[in-house]
Structure formats: C-alpha cells, structure tokens
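# Examination of the molecular architecture
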Amino acid sequence: MIILPTLSKQLFGARYERAVKSLVACVILFLAVHNAGIKIKIAPSILLLTATAFSMGIMWQTIASSGNADRMTGLFMLPFRNRDMTFSIVLAFTGYTLITKTFPVLALLFAVQEWSGVQIALSLLCAFNGCLSVAAWYIMAKRKIFLPFIILWCGAIFAPIFLVREAVTICFIAVASVLVSLLRLQKADAYVFYRPVPAKLLIKHTKGRGSIALYFLRYLMTNKSYLLNTAGLCVLAGVLPFILGQFEGVNVMSLGFAVLCLNTPICILLSCDPGLEQAVRTLPGQTRRFCTNYCFFIFSVNLAVNGVYLISWQIQRGGVGGMAVLTALLISLQSAILSALLEWFFPVRGWKTESDLWHHPRKYVVPLIMMLAAGLAGMSPVIVWGLLGIVTAECFGLLLITGRR
C-alpha cells in the first residue's frame, strides 16, 4: 500500500524523524524516572483505563483535525482502492497517536511502578484497541449509524476495566473489539475521511470592531470542539469548590482561577490558522485591532468560566466577597494579556495535527504563572494583587504599543 508510507511521511517526516525522536524521548523519560527511584502505587485498572481513554481522545482529535484537509486532498487525487485507502489512513493515524502521544504517557507509568509482562502487553493492546474503535466510531458517526450501538460498544470496553478487572476478560473484550473494528473498517467508504479545504475566515480591513468580533464568533461556531472544551471547564468549575474545599485552613480559592485559565483552544487562534496570521501581520491597521480584541475575547471567556466557579463556591462553601471577585477579574485579565502576547510573539509552527497544538508544552506557561501568583495571593493578598495590578497595566500598555507597530 503506497498510500500508507506516503501519509506516514507527511505525519512523521520524510525520514520518520519525528517517530525516532518520540521513541528516543520515551526511552530517556523511562530511564530518568526509573533511575531516580520515584515510585507511585498505581492500580492495574488505572493503567488500562489511561491507555484506552487517552488513546481514544488523541485518536479522535487526530482524525477530526482540520489540518487534514490539505493532506487528504492530495491523497484522494491518487488512484486507490477503497479498502487500501481506509486502512492506510487508520493505520497511519493510529501509529502517529501511539508513538507521539500514548507511548510517552505509558513510559512514565511503566517507570514509576513495576509491571508484569502481561500487564504491559495488555495496556498496549488496550491502546491499540482504543485507536481502532475510535476510527470505527468516527465512520459510524459520520454516517449517523446506530448511535446507541456506539454507546454500548464503549460501555463494553470500559466495564471490564472498572468492574471485572480480570486480565483474561479484558484481553478477550479488547480482541473482540479490534475484530469488530476491522470488520467495520473493511466495509467503510474511504471518502468519510475526506475533508475539503475550508474557506478561510479573513478579517476585513474596516474601521469598526464588529468584523473581528464576528470572526471570533464564526470561528467558535465552526469548531464545536472548542466550545466543548469551554463547556468542560465550566463543569470543572462546578466541582472544583468541592475538591479544593477539602484543604481546611488554607486559602485555595484563587488556585481555582489559575486552573480554569487552561483553555488551550481559544489561545491558539494564530497558531492553528496560518492564513489568519499572515493576514493580520500584513494588512494595515490589523495588528492593534486584532491583539486588543483577541485579549478581550480571551478575557470574556475566562471571566465567564470563573464566574461559574464563584457561583459554585458560594453555593457549596460560601464566603465569596469583594476580594474574591477582584481576584477573578485580575487573573482573568492577566491570563488573557499574557496569552495574547504569547500567541503574537511565539506562535506554534511546524505542527502536523491539531492534537500537537492542544498538547504543546507552551500551553502550561500562562497557567503556571497564574498559579504561582494565586499561591502567593493566598499568603499576602494586598501586596501581591497590588503588584499584579501594576503588571497588568504594564502588559496592557505593551499590548497597545505592539498594536501601533
């Protein structure tokens, strides 16, 4: 199948250098953690659950990535047989998911605890099954076939991990799921994976601010997964007061604001759309308008999520006062400013799929800074928030200066 090496080289590089780097990184990570003597007690069910669920999530992001549009357009211009094209796409994405994303996580889990050969092999089988199952579900979801069947299938995979916890039973279910996935993929239409190149949403050069706000709205409506991520943060905001409330005698409310700033999709607008970045950087008058509106957009989303957090805290724990509201405003604004500046000066390039963007280490920079500031605020609120207010003003001034260039 010539299509498989062609697609694999597009994902891993001409000489599969990305696959080699990822495997070397896995070995280094395993040896470093193992030799450091770090040991953590982990139940086998957690290992299998992580291998399955993590692989499923990354595989779905990889298949549904908008970055596949150009890639698929070139592939489907080649002569192909339907079955060869389907399996080539699925195997290439499976290999990419396992090697670049799942294997580093498993290497870390293998390093912190001694596992038997059966458990290691079973975790790899579960990861492989997760990728193939998602590919089959993707096809069925596109064709709107038996959504209840997909739910039952998913339940059949996870139920033995949680309830039975017998290696033989889990292995039998995983193998059966792999076989069913292969049968479903064998009958699939390869054009299910074809995605036409989407029309670019460019910002018009107008004097008003409405076109940029309209662009952000259309962008979110076009990428429903970004809305789901924000909705997931709102759910997390609802349960965080219960989790953080377990720490008695410590002011941990502000830490929740920092955690909820980890909204990766809305902080990568320039990185995920090179066409937009080129338009913003070249069209006259766009830099200032985009940066300021982008900052306000992130601030609005952060503030909405933190608002849910404050309401939930008041309902569950009580004691939300003016300082807590001021803290939410400052962290939301400071996070928005830093995120906009980071995206403007250091956009992520050279990515293959949107999964690379979502899991890029850069996404932790702003939340870590905010978490440090929030931790200090719990010890000395007046001094820290006074300094944070000054930093916020300075960053906002820098943003305006950048916009005038």
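Residues numbered from 1 in each chain as written. Predicted model: local features only at pLDDT ≥ 70, side-chain atom pairs only at ≥ 80, totals over all residues. Heavy atoms only, no water.

When its secondary structure is counted, the chain shows 18 helices and zero strands. The 405 residues of the chain split such that 46% are buried. Intrachain contacts of the chain at a sequence separation of at least 6 include 84% that bridge at least 24 residues. A total accessible area of about 20,000 Å² is found for the chain, and carbon and sulfur atoms account for 72% of it. (Helix = DSSP H or I, 4+ residues; strand = E, 2+ residues; numbered from the N terminus. Buried < 20%, exposed > 50% of the residue type's maximum accessible area, 1.4 Å probe, protein only. Contact = heavy atoms within 4.5 Å. Areas by Shrake-Rupley, 256 points an atom, 1.4 Å probe, with all protein chains shown as cover.)

A few words on helix α8 (residues 167-186). Here α8 spans 28 Å end to end across 20 residues, near enough to the 28 Å set by a 1.5 Å rise per residue. Of the residues making up α8, those classed as buried are Ile170, Ala174, Ser177, Val178, Ser181 and Leu185. Buried residues in α8, looked at end-on, bunch into an arc of 105°, giving them a common side. Opposite the packed face of α8, turned more than 90 degrees from it, sit the exposed residues Val168, Phe172 and Leu183. In the core, the buried residues of α8 are packed alongside α3 (44-63), α5 (82-112), α6 (117-142) and α7 (147-164). (Expected span 1.5 Å × (residues − 1). Arc of directions from axis to C-beta.)

Bringing the environment of leucine 341 into the picture now. Residue position: leucine 341 is located in helix α15 (residues 322-345). Overall, the relative accessible area of 9% leaves leucine 341 in the buried class. Taking the C-alpha atoms as reference points, leucine 341 and cysteine 295, separated by 46 residues in sequence, lie 8.6 Å from one another.

Quick look at the pattern of salt bridges now. One pass over the structure, following the stated rule, counts two salt bridges. The partner of aspartate 84 in a salt bridge is arginine 81, with the nearest N and O atoms 2.9 Å apart. (Salt bridge = Lys/Arg side-chain N within 4 Å of Asp/Glu carboxyl O.)

All chains considered together, the criterion is met by seven aromatic pairs. Ring geometry for phenylalanine 12 versus tyrosine 96: centroids 5.7 Å apart, planes at 50°, classification tilted. Pair noted here: phenylalanine 12 is in helix α1 (residues 3-12) and tyrosine 96 is in helix α5, with a separation of 84 residues, a long-range link. Across the pair, tyrosine 96 and phenylalanine 12 agree in class, each one buried. With 5.8 Å between their ring centres and 55° between their planes, phenylalanine 149 and tryptophan 153 make a pair best called tilted. Here phenylalanine 149 and its partner tryptophan 153 are both found in helix α7, four residues apart, which amounts to about one turn of the helix. Chaining the aromatic ring pairs together yields one cluster made of Trp60, Tyr138 and Phe193. (Phe/Tyr/Trp six-rings, centres within 6.5 Å; stacked < 30°, edge-to-face > 60°.)

A surface patch of nonpolar side chains, about 470 Å² in accessible area, is lined by Leu236, Val239, Phe242, Ile243, Val259 and Met371. The leading source of residues in the nonpolar patch is helix α10 (residues 224-244), at four residues. Within the element layout of this structure, phenylalanine 242 appears in helix α10. (Patch = residues over 30% accessible without salt bridge, like charges linked within 9 Å, V, L, I, M, F, W, Y side chains within 5 Å.)

Turning next to unusual backbone geometry. Look at tyrosine 16: it is not a glycine, yet its phi comes out positive at around 55°. Topologically, tyrosine 16 is positioned in the loop between α1 and α2 (17-35). By relative accessible area, tyrosine 16 is classed as partly exposed at 31%.

At a minimum axis distance of 9 Å, the contact between α7 and α8 shows a crossing angle of 170°. In terms of orientation, α7 lies roughly antiparallel with respect to α8. The handedness of the crossing between α7 and α8 comes out as left-handed. In contact with Trp153, Ala156, Ile157, Pro160, Ile161 and Val164 of α7, α8 contributes Thr169, Ile170, Ile173, Ser177, Val180 and Ser181. A per-class count over the contact of α7 with α8 returns nine nonpolar, three polar and no charged. (Axes fitted to C-alpha atoms, helices over the stretch in contact; angles between N-to-C directions. Parallel < 35°, antiparallel > 145°, perpendicular 65-115°, else oblique. Left-handed = near helix turned anticlockwise from the far one by under 90°. Nonpolar A, V, L, I, M, F, W, Y, C, P; charged D, E, K, R; others polar.)

On to the packing of α5 against α6, then. With their axes 10 Å apart at the nearest point, α5 and α6 run at an angle of 145° to one another. Regarding α5 and α6, the two cross each other, and that crossing is right-handed. Two secondary-structure elements touch here, α5 through Val90, Thr94, Thr97, Leu98, Thr102, Phe103, Leu106 and Phe110 and α6 through Ile120, Ser123, Leu124, Ala127, Phe128, Cys131, Leu132 and Ala135. Grouping the amino acids of the contact of α5 with α6 by side-chain chemistry returns twelve nonpolar, four polar and no charged.

The next thing to look at is the environment of valine 178. Note that valine 178 resides in helix α8. Judged by its relative accessible area of 10%, valine 178 falls in the buried class. Note: C-alpha distance between valine 178 and glycine 130 (48 residues apart in sequence) is 8.6 Å. With residues near it in sequence (within four places) discarded, valine 178 still touches Phe128, Asn129 and Leu132.

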